[in-house]
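Breakdown of the fold
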Amino acid sequence: MSTLSTFPLELLKLIATLLPSIKDVLSFASISRCFHAAVHSDQQVFRSHFLRIYEPPRGKQSGYDYKTAFKRRHQPGDEEVLDMILDARPTRFGLLSPVISRNLELIHRRNLELPPPLQILLYPLRFIPPKLPIINDNRLAKLQNIAYHPNVLRKFCPPTYDAPLMEIAELFQHQLDTRRHGAFYQANFMHRYEFPSFWSGKTLPEHAGAEIPARWFGAYLYIPFAVHIIGEEPFVLSEETGDDYLSEILLTSPEKFEGRGKDFNAFTLKEGNITTQGVAGPNVTGLEGEWKWVSFLKDYGSYQWRYDGVMFPGNTIVLGVWRSPEVEPDMAVGSRYGIFMLWAVPEGGLGLGWRDNRLSLRG
């Protein structure tokens, strides 16, 4: 008479992979030695249950320890959360359809406490509503003081590089957060997949050779004729009224970062240049890869602005500073200057100008 213990090992493995949960698998393994061997003799059972819950690990999967990964992700620390972020491969089945990612939805549902670098990697979560803490006034003042310090102007000009990218990113995170009255009213009209995202996927080294996208959104903040003296009170951003326009850009020469665009008025991007010489990114795990200098003139016809920034690995995020082209970085303190962020968005979507009910329709 046959019993389960006499079943071939391969059949016992199949039974274990079909069990509802990993808890059931461990109970199954405790029944007898042959059941234990079916579960623990290799990675087959744990791999099956791991891939049922999580997305496949990045890179080569041969030799991956699914059993250990399963155990560590049960109560994940920062390292495990970062692994989940970097493994995530969000999928969108259509231009306007929601983005699906099992790993990132799990992080969201577990409501995990994340350190600032991981918060920046995740914000604002293209696939789900943002759940990060809203930046308080003290933190905001500190970010403004760092991002708008005159020294920052020099730090985006080769060959010097020591720019506070994470602080600038966090400041834009605050201003694009639709849960509060930020500087950009038009953020309320953006689809979830159109928000900037600093997490994985497109920042991994294997994406470093990706082509530069053609369609971008952008945001900029500024200090009107500000003079900052170290040790004084932080800047007061009097012109951040919540009505600033986001930029929409279409690159006709992506390799030079040149093209045309509009915010409150039409402009062209010209005299563009992209180089990899002399730039190294911040020491943030998950942002390894090829960083690039980006510079161009934003020309409204009657006046221009010089933009200098750094492009993240994967070529979908640019952070930097802008100033008058007639003023050198060392002398820009007495003129108008500020910070900016550009981020790639899918091509073919409806322009923000057509969504903004404050404006007449425009292309």
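Residues numbered from 1 in each chain as written. Predicted model: local features only at pLDDT ≥ 70, side-chain atom pairs only at ≥ 80, totals over all residues. Heavy atoms only, no water.

Here we come to the overall build of the chain. What the chain contains, in helices and strands, is 12 helices and 10 strands. A buried classification covers 50% of the 363 residues belonging to the chain. Residue pairs in contact within the chain that sit at least 24 positions apart in sequence constitute 62% of those at least 6 positions apart. (Helix = DSSP H or I, 4+ residues; strand = E, 2+ residues; numbered from the N terminus. Buried < 20%, exposed > 50% of the residue type's maximum accessible area, 1.4 Å probe, protein only. Contact = heavy atoms within 4.5 Å.)

Right, let's talk about the nonpolar core for a bit. Among the nonpolar cores identified, the biggest contains 39 residues, and Phe172, Leu319, Ile339 and Trp343 are the most heavily contacted of them. Where this core is concerned, the elements lending two or more residues are α9 (137–147), α10 (151–155), α11 (165–176), β3 (215–223), β9 (317–323) and β10 (337–344). At 7 residues, the largest contribution of residues to this core is made by α11. Counting 24 residues, the second largest nonpolar core, distinct from the first, contains Ala38, Val45, Leu51 and Leu106. (Core = buried A, V, L, I, M, F, W, Y, C linked by side-chain atoms within 4.5 Å.)

When glycine is set aside, most residues are seen to have a negative phi, and most peptide bonds are trans. In this structure, phenylalanine 257 is a non-glycine residue whose phi angle is positive, near 60°. When you line up the elements, phenylalanine 257 lands in the loop between β4 (247–253) and β5 (258–262). What makes phenylalanine 257 buried here is its relative accessible area of 0%. One non-glycine residue with positive phi stands out, namely glutamate 271, at about 55°. Relative to the elements of secondary structure, glutamate 271 occurs in strand β6 (residues 266–275).

Another point: the pairing of strand β8 (residues 304–311). Within β8, 6 of the 8 residues are buried, leaving the element largely enclosed by the surrounding structure. Note that strand β7 (residues 292–299) and β8 share 8 bridges and pair antiparallel. When the bridges of β8 are listed, valine 294 appears paired with glycine 309. Between β7 and β8, which follow one another and run antiparallel, lie 4 residues, and glycine 301 among them has a positive phi close to 105°. Pairing of β8 with β9, which is carried by 6 bridges, proceeds in the antiparallel orientation. Bridge pairing in β9 places methionine 311 opposite valine 318. Counting the residues between successive antiparallel strands, the hairpin from β8 to β9 contains 5 residues, one of them, glycine 314, with a positive phi of roughly 95°. (Pairing = 2+ DSSP bridges.)

On the surface, a cluster of nonpolar side chains totalling about 290 Å² of accessible area is made up of Leu11, Leu14 and Leu18. Tracing the sequence through the fold places leucine 18 in the loop between α1 (9–17) and α2 (22–29). By relative accessible area, leucine 18 is classed as exposed at 64%. (Patch = residues over 30% accessible without salt bridge, like charges linked within 9 Å, V, L, I, M, F, W, Y side chains within 5 Å. Areas by Shrake-Rupley, 256 points an atom, 1.4 Å probe, with all protein chains shown as cover. Salt bridge = Lys/Arg side-chain N within 4 Å of Asp/Glu carboxyl O.)

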